[in-house]
Amino acid sequence: MENPYLPYPVRIDNIEIATEDKSLKTFKFVFLNPEDEKKFSYQAGQFAELSIPGVGEIPIGIASSPVEKGFVKFTVFRTGVVTSHLHNMKIGDIMGIRGPLGNWYPWDKLENKNVVIIGGGFAFTTLRSSIIYMLDPANRKKFKNIDVVYGARSPGMLLYREELYEWEKRDDINMHITVDGTNDPTWKYHKGFVPQIVEQNAPKADENTYAIICGPPIMIKFTQPALVALGYKEHQIIMSLENRMKCGIGMCGRCNIGKELVCKDGPVFTLEQLNKTPKEY
Amino acid sequence: MKFITIDKKNWAKGIEKSRETYRLFGPVKDKNGVFIRTLEKDMLPDMTINDSIMSVKSVLFPQTEKILFTTLDEAKEDHHIMKRVEFDSSPRAVVGIRPYDAKAIELVKMNFDTDDYRDPYWCDAYEATTFVGVGINKPGPFDFSTSAGTGPFSESGLDVLMADLDNAYLAKILTGKGEAFMKSCGFEKNTDEKESQALFDILRKEAEKNISSHIDTGKLKGKTVLELHEAPFWDDIAFACINCGTCTFVCPTCWCFDIQDETKQKSAGRFRNWDTCMSPLFTKHATGHNPRDSKTQRVRQRFMHKLKYFPDKYDKGIMCVGCGRCVKSCPVNIDIREVCKIMNSYEKNN
Amino acid sequence: MDTCIQKIREIAFQLLDKKEVEKVIGFSNGTIPMATSPITIASKQDTEKLVFNSTCGLNLANYIRQQKGKIAVIAKGCDSRNIVTHIIENQVKRDQVYIIGVPCNGMINKSKIKSLFEDEIQKFEEDGDSLIIESSSKKEKLKKNDYLRENCRLCQHRNPVIYDVLAGDLVKEQIIDVPYPDVEKIAALEADARWIHFQDLTKNCIRCYACRNACPLCYCPTCFVDESGPQWVGKGQDKTDINTFHFLRAFHCAGRCTDCGACAEACPMDINVRDFTRKLNKDTFDMFGWEAGLDLTKRPPLDAYSPDDPNDFIK
Ligand SMILES: Cc1cc2nc3c(=O)[nH]c(=O)nc-3n(C[C@H](O)[C@H](O)[C@H](O)COP(=O)(O)OP(=O)(O)OC[C@H]3O[C@@H](n4cnc5c(N)ncnc54)[C@H](O)[C@@H]3O)c2cc1C
Ligand code: SF4
Ligand code: SF4
Ligand code: SF4
Ligand code: SF4
Ligand code: SF4
Ligand code: FES
């Protein structure tokens, strides 16, 4: 077995400002050793440790999709030591990536099912990965209806805007884009908070429908009752947690909720599983 | 099973001889108590003490360990590419450890050596190490090892178990590693297997009889995680705690760590340091949100991990070997035996 | 001592019975010899759990911050001085704490007593001025005064300086001619030897921060050692980082430390961290005639401006 602490060396290939307030940037990395890309084979929903030598490591959801080859992408919010440092790095800089880590959305179980994706704010990274994966021509027929509810404070705070508008035009995915508010008279999508848009637009649950939610705690808190009202059962609600992490491989001990380690047994759990564990997230 | 007797007169010479092959570690008396340390030349392990303040875990898992390094000097070709710090894989032996500490290593192994990942630092050190234990003839008043799945003459995790017979040590060779170590000391005087085993049995029984402290964990399994987690007693248990983490640092079974980068001029190192669930920083998110913000939550985590989560996860008993170190070292006397009693006897509706 | 315990229980009972306080913070019996544990009592039935003896070396002022409603607390001389410091530093309001003062005859030095025994102490009893201690191999009867903690031996404020009620008769204060013999001894060393003294002092430090966390003065929401942006101190076992922690903590306590000894008492490695703080206590005494926690109306000297400051940086 390889040293799970040793990051694969990568080069920053591109940096894009992702939101109008510049608090989020999307980093595109290319592996220095092409064979490392094969080893870093991942599923939508997994995360990785971005590793900046001398600064530290941070767990970040993988925003690129397994069907996109030749690079990996992450979208990072600037908040503390490592993320600030990363935001100041330049194209061409060398750093590391460790992973892929954690489990993923239950793609096997979701086959032949309707999938409703609900995201808020910048917790849309692994959801982007998932949508790209499901829309891939080789995969689209594996899933039935796909609905996406995604909201942000304002249009400029939506991640991956170009892609969102592209998806909006397609007929094999139902997009419900929303913002809390905007003065833009040309805004053609929803206005309102995510839970409310879910209540009004998400499909009612039957036993073949699953919802995946990612977002800030407050959004999750209010979206849950909306889903329950639509008939979703605990096992049909899938969530991804963000606990503080270090090792990412289930050894350093800090990310547990009960006996589950969020980094290794998660980050993806069903609400049914979460309701059996202490709410320490 | 092979038994060897060692005349204590030959002990020092034998230990000295083993240094040709092994780096030695063992209990050493220092001004603040007994520690497990590297035995420098001419130092002998202290075989007389009942236990050490710190456990043997640091031999495989130092409090601070550099795990990766690189250069930040962009003129160098491999700048910013991290590499593993060179590992000294030469054989090491820890001599004079107590059986419960060896058992603790078996428990910690479940964390560091899994089907999915292998922690190379811990595992490589483990493989390089021979564990030579000595039975505890007179267990102290805080030793509750027999009710924690081990005991004063437990063999689990050891390569050699020795018994102290006043003028001699009687050594029971438990593994090939153990045999090799004894050979390197020049200790090869075989004794009768049956007689020796009988002697061990007597010593074991005698020692076990002397253990006055016990815990009862029998009813923990039947309770749900949430039942115990939501129980009303945690605030009272936690009130005195000052979140120092001493209980986890001295514990042979606690394995939690932090990873930190440090730089010196152009060189960068990645270190791992012991960490503790008793510290608020342990779980604090970058956003400031902290899922275990109160000390009640943290104290509960420690006891739940040891007495509920770990047993549920692995089905190998509790994550405590009954050494009593945390009981003695906690500055405010929070006692796992009492907490275990409260948890074990808790019934939800009364 | 026993009458003092009775008195403490009676006072606590009355306070809870009359609902004058929400809870009483005191000491309860430990589960091992020579141990007592801080406890909070909210119901009058539980007041029987309260005890007080020569092993109550922790400082209960450390437990009175951020409590809801009015609380009562048991306070030795030093604890009461730390309560004064808390009041001056706005950590508690005077009318939020009901102080049950306990005139103190000093706390025992547990590690000194342990060092008399090869094996574990199994039994500890106090009988007036004597201590009766037993291990499985021997029994000792000791004079308590020979086994006091060093800070208690040198203490000149055994009586609480502030209280609402007393749980015992006031004791005679000690007159100490040389209050800082230890500091003077270290100061007399050559620079190299002094450095070695401090290196040796902290050599077994595991950075558990029990010393800091047991100290009523160390209430900062984020201690400088825990700060990550900027990070002042490395987190590992590097000597420099360990020293930085101890030096800086001592400076943060300058003019505030009451020499209650809780820090040293809490240290699992038996490190006398008071070697750092006492030097600064001596300095504030020599320069400003200041002892912490004696006066509700004065701020600590490093926290106050005075035109007759002995230093000239201000002029
Ligand atoms: C599974 C998962 C997926 C995530 N996905 C994303 C994503 O896609 N995009 C995104 O923007 N964010 C994501 N996050 C959140 C992201 O990991 C944090 O925002 C990030 O770790 C912040 O790092 P920082 O160094 O900038 O922040 P800081 O506040 O400086 O600290 C956080 C990190 O610094 C260290 N640290 C800080 N303070 C201390 C201290 N006192 N002691 C020790 N160590 C300290 C720790 O390593 C800690 O992890 C995800 C988190 C998880 C768990
Ligand atoms: S929990 Fe306490 S008694 Fe149990 S193994 Fe750890 S230190 Fe020893
Ligand atoms: S008790 Fe705490 S420090 Fe010890 S292993 Fe469990 S989580 Fe880690
Ligand atoms: S040693 Fe005691 S005071 Fe320190 S963290 Fe553990 S339980 Fe709390
Ligand atoms: S309590 Fe003792 S071991 Fe812990 S940090 Fe303080 S001096 Fe170091
Ligand atoms: S530094 Fe030590 S002696 Fe001084 S007030 Fe704090 S705990 Fe007491
Ligand atoms: S991050 Fe280390 S165990 Fe989960």
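Here is what the cut-offs are and how they apply
Residues numbered from 1 in each chain as written. Chains lettered and ligands numbered in written order. Predicted model: local features only at pLDDT ≥ 70, side-chain atom pairs only at ≥ 80, totals over all residues. Heavy atoms only, no water. Domains from an automatic or database assignment. Contact = heavy atoms within 4.5 Å. Buried area = accessible area lost by both parts, 1.4 Å probe. Salt bridge = Lys/Arg side-chain N within 4 Å of Asp/Glu carboxyl O. Near = heavy atom within 4 Å. Nonpolar A, V, L, I, M, F, W, Y, C, P; charged D, E, K, R; others polar. 1 Å grid on protein atoms, 1.4 Å probe; cavity = no way out; pocket = protein on both sides within 12 Å on 5 of 7 lines; lining within 4 Å. Points joined across faces, edges and corners; volume = space filled by probe spheres on them. Helix = DSSP H or I, 4+ residues; strand = E, 2+ residues; numbered from the N terminus. Core = buried A, V, L, I, M, F, W, Y, C linked by side-chain atoms within 4.5 Å. Buried < 20%, exposed > 50% of the residue type's maximum accessible area, 1.4 Å probe, protein only. Patch = residues over 30% accessible without salt bridge, like charges linked within 9 Å, V, L, I, M, F, W, Y side chains within 5 Å. Areas by Shrake-Rupley, 256 points an atom, 1.4 Å probe, with all protein chains shown as cover. Lys, Arg positive; Asp, Glu negative; His and termini not counted. Charge placed at Lys NZ, Arg CZ, Asp CG, Glu CD. Polar contact = N/O pair within 3.5 Å; in protein donor to acceptor, adjacent residues only side chain to side chain. Disulfide = S-S within 2.5 Å. Expected span 1.5 Å × (residues − 1). Right-handed = clockwise from strand over helix to strand, strands pointing away. Pairing = 2+ DSSP bridges. Phe/Tyr/Trp six-rings, centres within 6.5 Å; stacked < 30°, edge-to-face > 60°. Axes fitted to C-alpha atoms, helices over the stretch in contact; angles between N-to-C directions.

Thoughts on the domain arrangement of chain C
How big an interface is tends to be reported as the loss of accessible area on association of its parts. Residues and elements named next belong to chain C. Each domain of chain C was delimited in the assignment, giving domain 1 (1–106 + 149–176) and domain 2 (177–303). Computed from C-alpha atoms alone, the centre-to-centre distance between domain 1 and domain 2 is 24 Å. Listed by partner, the interface residues are 27 residues for domain 1 and 31 residues for domain 2. Carbon and sulfur atoms supply 52% of the area that domain 1 and domain 2 bury against each other, a total of about 2400 Å² over both sides. Looking only at domain 1, the three residues that lose the most surface to domain 2 are R81, I88 and E89, adding up to 24% of its buried area. Between domain 1 and domain 2 we count three salt bridges in total. Note that R274 is salt-bridged to E150, the shortest N-O span being 3.3 Å.

Overview of the site of ligand 2
If you check the shell around ligand 2, you find F144(B), C251(B), P252(B), K306(B), C320(B), V321(B), G322(B), C323(B), G324(B), R325(B), C326(B) and I336(B) and nothing else. Counted by class, the shell around ligand 2 contains eight nonpolar, two polar and two charged residues.

Considerations on empty space enclosed by the protein
Residues and elements named next belong to chain B. Taken as a whole and assessed by the stated rule, the structure comprises 10 cavities of 30 Å³ or more. By volume, the largest cavity is sized at about 150 Å³. The biggest single contributor to the lining of the largest cavity is helix 10 (residues 295–314), with six residues.

Observations concerning the nonpolar core
Counting 197 residues, the largest nonpolar core has I118(A), M343(B) and F52(C) as its most contacted members. Residues within four places of I118(A) in sequence aside, it is in contact with L127(A), V149(A), V194(A), V198(A), A211(A), I212(A), I213(A), C214(A), M219(A), T223(A) and L227(A). If you look at the next biggest cluster of nonpolar residues, it comprises 39 residues, including A63(A), L135(A), L159(A) and I177(A).

Overview of unusual backbone geometry
Cis geometry is found at the peptide bond from G99(A) to P100(A), where omega equals -5 degrees. Relative to the helices and strands, P100(A) resides in strand 6 (residues 94–101). The amide bond that connects G266(A) to the next residue, P267(A), takes the cis arrangement and shows omega of 5 degrees. Even without a glycine there, the phi angle at N243(B) is positive, about 60 degrees. Checked against the element boundaries, N243(B) lands in the loop between helix 8 (234–238) and helix 9 (246–249).

Remarks on a negative patch on the surface
Among the surface-exposed residues, D2(C), E125(C), D127(C) and D129(C) lie close enough to one another that they form a single negatively charged patch. With respect to the helices and strands, the residue E125(C) is situated in strand 6 (residues 121–127).

Section: the site of ligand 3
All names here are of chain B. Inspection of the region around ligand 3 gives T248, C254, W255, C256, C277, Q301, R302, H305 and M319 as its neighbouring residues. If one sorts the elements of the shell around ligand 3 by residue count, helix 10 sits on top with three residues. A per-class count over the shell around ligand 3 returns five nonpolar, three polar and one charged.

A short note on the interface of chain B and chain A
Counting from both sides, the interface comprises 50 residues of chain B and, opposite them, 44 residues of chain A. Taken together, the two surfaces of chain B and chain A that pack against each other cover about 3700 Å², and 58% of this comes from carbon and sulfur. Of the charged contacts, one joins K246(A) and D258(B) as a salt bridge, the two residues approaching to 3.1 Å between their closest N and O atoms. Inspection of the region where chain B meets chain A yields 26 residue pairs in polar contact (both at pLDDT 80 or more). Sorting the residues of the side of chain B that touches chain A by element identifies strand 4 (64–71), strand 5 (83–84), helix 3 (99–112), helix 4 (120–128), helix 7 (225–229), strand 10 (257–264), strand 11 (267–274) and helix 10 of chain B as the ones contributing at least two each.

What about the state of the cysteines?
Residues and elements named next belong to chain C. In total, this model carries zero disulfides over all chains according to the counting rule given. C104 provides the cysteine sulfur closest to C152, a residue in no disulfide bond, and the two sulfurs are 5.7 Å apart. Its relative accessible area of 8% is what places C152 among the buried residues.

Remarks on helix 8 (residues 239–252) of chain C
In a regular helix each residue adds 1.5 Å, so 14 residues correspond to 20 Å; helix 8 of chain C covers 20 Å between its end C-alpha atoms and thus fits that length. For helix 8 of chain C, the N-terminal cap is D238(C); the gap from its side-chain oxygen to the backbone nitrogen of T240(C) is 3.0 Å.

A short note on the pattern of salt bridges
One pass over the full model with this rule turns up 65 salt bridges over all chains. Ionic pairing is found between K39(A) and D36(A), a salt bridge with its closest N-O pair at 3.5 Å. You can see K39(A) and its partner D36(A) sitting in helix 1 (residues 34–39), three residues apart, about one turn around the helix. Classification of K39(A) as partly exposed rests on a relative accessible area of 40%. Among the salt bridges present, the one from D93(A) reaches K90(A), with a minimum N-O distance of 3.9 Å. D93(A) sits in the buried class, given a relative accessible area of 16%. Note on K90(A): relative accessible area 54%, which makes it exposed. What you see here is one network of salt bridges that share partners, running through E150(C), D182(C), D259(C), R274(C) and R278(C).

Examining the pairing of strand 8 (residues 146–152) of chain A
All names here are of chain A. Most of strand 8 is tucked away: seven of the seven residues are buried. A two-sided burial pattern is seen for strand 8, the buried positions comprising I146, V148, Y150 and A152 on one face and D147, V149 and G151 on the other. Traced from strand 7 (residues 114–120) through helix 4 (residues 125–135) to strand 8, the parallel crossover comes out right-handed. With six bridges joining them, strand 8 and strand 9 (residues 174–179) adopt parallel strand pairing. Paired with A152 across the bridge in strand 9 is V179.

Let's talk about the packing of aromatic side chains
For any two aromatic rings, the description comes down to two numbers: the centre-to-centre distance and the angle of the planes. In total, this model carries 40 aromatic pairs over all chains according to the counting rule given. Relative to Y133(A), the ring of W107(A) lies with its centre 5.1 Å away and its plane at 50 degrees, an arrangement referred to as tilted. In this pair, W107(A) is assigned in helix 3 (residues 107–110) and Y133(A) in helix 4, connecting sequence segments 26 residues apart. An identical accessibility class is assigned to W107(A) and Y133(A); each is buried. When the ring of F112(B) is compared with that of W122(B), the centres are 5.6 Å apart and the planes differ by 25 degrees; the resulting orientation is stacked. Taken as a pair, F112(B) in helix 3 and W122(B) in helix 4 lie far apart in primary sequence, 10 residues in all.

Points about the sheet that holds strand 12 (residues 237–240) of chain A
Adjacent strands of a sheet form backbone hydrogen bonds with each other and so pair up, either parallel or antiparallel. Residue and element names in this part refer to chain A. Spatially, 10-9-8-7-11-12-15 is the arrangement adopted by the seven strands of the open sheet, whose pairing is mixed. Whereas interior strands pair on both sides, the edge strands pair on one side only; in this sheet they are strand 10 (190–191) and strand 15 (268–270). Pairing of strand 11 (residues 209–214) with strand 12, which is carried by three bridges, proceeds in the parallel orientation. Bridge pairing in strand 12 links A211 to I237. Helix-sheet contacts for helix 4 involve strand 7, strand 8 and strand 11, and the interaxial angle to strand 7 is about 150 degrees.

So, the domain arrangement of chain A
All names here are of chain A. Partitioning chain A into domains gives domain 1 (8–101) and domain 2 (107–240). Centre-to-centre, using C-alpha coordinates, domain 1 lies 24 Å away from domain 2. With 22 residues of domain 1 at the interface, the matching set in domain 2 holds 19 residues. Taking both partners together, domain 1 and domain 2 bury about 1500 Å²; carbon and sulfur atoms supply 59% of that area. Considering only the surface of domain 1 that becomes buried against domain 2, E20, A44 and V67 emerge as the three largest contributors, covering 29% of it. Summed over the shared surface of domain 1 and domain 2, the number is one salt bridge. In this structure, R128 engages E68 in a salt bridge whose closest nitrogen and oxygen atoms are separated by 2.8 Å. Linking domain 1 with domain 2 are nine residue pairs in polar contact (both at pLDDT 80 or more). At the level of secondary structure, the elements contributing two or more residues to the side of domain 1 that touches domain 2 comprise strand 2 (24–31) and strand 5 (72–77). When residues of the side of domain 1 that touches domain 2 are assigned to their parent elements, the largest contribution, three residues, is made by strand 5.

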